[in-house]
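# Fold and contact review
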Amino acid sequence: AAPWISSFYEKPELLWLLRVAFLAVLFRGFISPRAYVLEKQYRFGIVVFLIQGSGILGAVITIVSAFIIRSVWALVIGFVSEFAIMCVLSYVLVPFLPRFRMERGCLGELADFARGMFGVPILAMIAFETDVLVLGKVVTGEELGMYYLAMTLVLLPITLFGRVVSPILLPAFSEKQDDRDALRRVLLWVTKTTAVFTLPLVAFMASCAGGILALVYRSEYTAVTVPFALLCLLVLFRTQAPIFNSAYLAVGQPRLNRRFVVLRALIIAGLIYPAVIHFGLLGAAVVVVLGNGISLLMQVFWSRRIVDLEFRAYARCFLPGLVLALPIIAMNLLRL
C-alpha cells in the first residue's frame with residue numbers, strides 16, 4: 001500500500017517512511033496472547049509495565065535518533081521500536097508457546113466471537129483517520145499540521161481514559177454478565193462517574209480553547225480555536241462509547257458494538273469530503289463530532305437488548321457532571 005499512499009499525496013519521499021512504519025503493525029500483532037489475559041485477571045501492574053515501559057523506551061530512542069539523524073526518520077524509528085520492544089517484552093513477562101492441537105469447543109466459541117468482531121478495526125480506523133486523510137489532500141500542510149496538533153491535545157484525556165479506566169471495565173462487566181440488573185447498575189454508575197470528570201474538563205477546554213493552544217504551542221495556533229473547541233466534545237463521546245463496548249464484549253456479543261462502529265464510519269466517511277471542501281477545518285471538526293455523537297446516542301437504544309437501559313436513566317447520569325461544568329461556562333461567559 002505504501003506506493004499507492006505516497007502517490008496519492010504526491011510525495012514520493014513517503015514511500016520508505018511508510019514501508020518501515022508499517023512494521024509496527026506486524027510487531028503489535030505478534031505480542032504474546034497471554035498479555036490480553038492479564039486484564040481479565042486484574043493483573044494491571046504487568047500490563048502497565050509492558051505498555052508504558054515500551055512507550056518510554058520508544059520515546060527515548062526517538063529523542064536519541066533525532067539528535068543523531070536530525071530528520072523525520074527519528075519519529076519512524078522510535079515508533080517502530082516501541083512496538084518491537086513491546087513484542088519482545090510480552091514474551092519475557094508472560095511467555096506463551098502455541099501448540100498445534102486445537103480444542104474444538106474453544107475454537108467454535110472463538111469463531112463466533114471473531115465473526116462479531118469482523119471488520120471493527122478497519123471501520124474504527126476509517127472513523128478515526130478519515131478527517132486527516134481528506135484534509136491532507138485538500139488543505140495546506142500548515143493547516144493540516146495545526147488541525148492535527150489540536151486533535152492531539154483532545155486525544156490526551158481520551159488516551160488516559162483508555163489506558164487507566166478501559167482495562168478495568170471488561171473484567172468488571174464480566175463478573176455481572178449473567179445478571180442484567182447488576183450489569184445495568186454498573187453501566188450507569190461508570191457512566192455517571194466518567195461524566196463527573198469529563199464534562200467539567202470539556203467545558204474548560206472548550207471555553208479556554210484559544211489560550212490553551214497559545215500556551216501549549218504558539219499564538220499562531222489560535223487560528224484553529226473554533227475547530228479545537230468543537231473537537232473537545234470528543235472527550236465526552238469517546239470516553240462514553242467504550243463503556244458500552246466493554247459491556248457487549250463481557251456478554252459475548254461484540255456484533256452489537258459493530259453496529260455502532262459501522263454507523264460512525266458511514267457518517268464520517270460520507271460527509272467529511274463535502275464538509276472539508278465547503279467549510280475547511282471547521283467542517284472536518286463538525287463531521288467528526290457529529291459522527292461520534294449520533295452513534296453514541298444510538299448505543300443507548302441498542303443496549304436495551306442486554307441491559308434494559310432506559311434513556312431517561314442514562315441521561316440523568318450526566319446531571320452531576322453538568323452541574324460541575326456550569327460554573328466554568330458561566331465564568332468564561334462573564335469574562336467575554
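This text follows the structure it describes.
Residues numbered from 1 in each chain as written. Predicted model: local features only at pLDDT ≥ 70, side-chain atom pairs only at ≥ 80, totals over all residues. Heavy atoms only, no water.

### Description of the pattern of salt bridges
What counts here: Salt bridge, as applied in this entry: a Lys or Arg side-chain nitrogen positioned within 4 Å of an Asp or Glu carboxyl oxygen. Runs of H or I in DSSP of at least four residues are treated as helices and runs of E of at least two as strands, each being numbered from the N terminus.
For the structure on display, the rule yields three salt bridges. Here Asp-181 makes a salt bridge to Arg-184, at a shortest N to O gap of 3.1 Å. Note that Asp-181 and Arg-184 are positioned in helix H11 (residues 180–207) at a spacing of three residues, about one turn of the helix. Between Arg-218 and Glu-220 there is a salt bridge, with its nearest N and O atoms 3.5 Å apart.

### Topic: the layout of surface pockets
For the record, the criterion: Here a cavity means grid points, on a 1 Å grid over the protein atoms only, where a 1.4 Å probe fits yet cannot get out; a pocket means an open set of points with protein on both sides within 12 Å along at least five of seven lines; lining residues are those with an atom within 4 Å of a point. Grid points are joined across faces, edges and corners, and a volume is the space filled by probe spheres set on the points. Lys, Arg, Asp and Glu make up the charged group, whereas Ala, Val, Leu, Ile, Met, Phe, Trp, Tyr, Cys and Pro make up the nonpolar group; the residues left over, Gly among them, are polar.
Approximately 350 Å³ is the volume attributed to the second largest pocket. Around the second largest pocket sit 18 residues that line it, and Phe-161, Val-165, Thr-193, Thr-194 and Phe-197 are the ones nearest its centre. At the level of secondary structure, the elements contributing two or more residues to the lining of the second largest pocket comprise helix H9 (141–164), helix H10 (166–175), H11 and helix H14 (233–250). For the lining of the second largest pocket, a count of residues per class yields 14 nonpolar, four polar and no charged.

### Some thoughts on a nonpolar patch on the surface
To be explicit about the condition: Only residues above 30% relative accessible area that lack a salt bridge enter a patch, with like-charged residues linked at up to 9 Å and the nonpolar side chains Val, Leu, Ile, Met, Phe, Trp and Tyr linked at up to 5 Å. All accessible-area figures derive from a Shrake-Rupley calculation using a 1.4 Å probe, and residue coverage is judged against the displayed protein chains alone. Burial classification: accessible surface area is computed with a 1.4 Å probe over protein chains only, and a residue below 20% of its type maximum counts as buried, one above 50% as exposed, and the rest as partly exposed.
On the surface, Ile-56, Val-60, Ile-63, Val-64, Phe-67, Ile-68 and Ile-69 cluster together into a nonpolar patch covering about 700 Å² of accessible area. Along the chain, Val-64 turns up in helix H5 (residues 44–69). Since its relative accessible area comes to 44%, Val-64 is described here as partly exposed.

### Section: the packing of aromatic side chains
Inclusion rule: Each Phe, Tyr or Trp ring (for Trp, its six-membered ring) is paired with any other whose centre lies within 6.5 Å, and the angle between the two planes then decides the class: stacked below 30 degrees, edge-to-face above 60, tilted in between. Working rule: Lys NZ or Arg CZ, within 6 Å of ring centre, within 35 degrees of ring normal, means a charge sits over the ring.
Enumeration over the complete set of coordinates arrives at six aromatic pairs. A centroid spacing of 5.3 Å and a plane angle of 80° characterise the contact between Phe-79 and Phe-83, whose relative ring orientation is edge-to-face. Remark: Phe-83 and Phe-79 occur in helix H6 (residues 73–93); sequence separation between them is four residues, near one turn of the helix. Assessed through its relative accessible area of 38%, Phe-79 is described here as partly exposed. Look at Phe-83 and you get buried, because its relative accessible area is 16%. Where Phe-301 meets Phe-311, the ring centres are 5.6 Å apart and the plane angle is 5°; that geometry is what we call stacked. A residue pair is termed long-range when its members are at least 10 positions apart, and Phe-301 in helix H15 (residues 254–302) and Phe-311 in helix H17 (residues 311–316) qualify at 10 residues. A cation over an aromatic ring shows up here: Arg-19 above the ring of Trp-16, its NZ or CZ 4.9 Å from the ring centre. Residue placement shows Lys-137 over the ring face of Phe-8; its charged tip is 4.8 Å from the ring centre.

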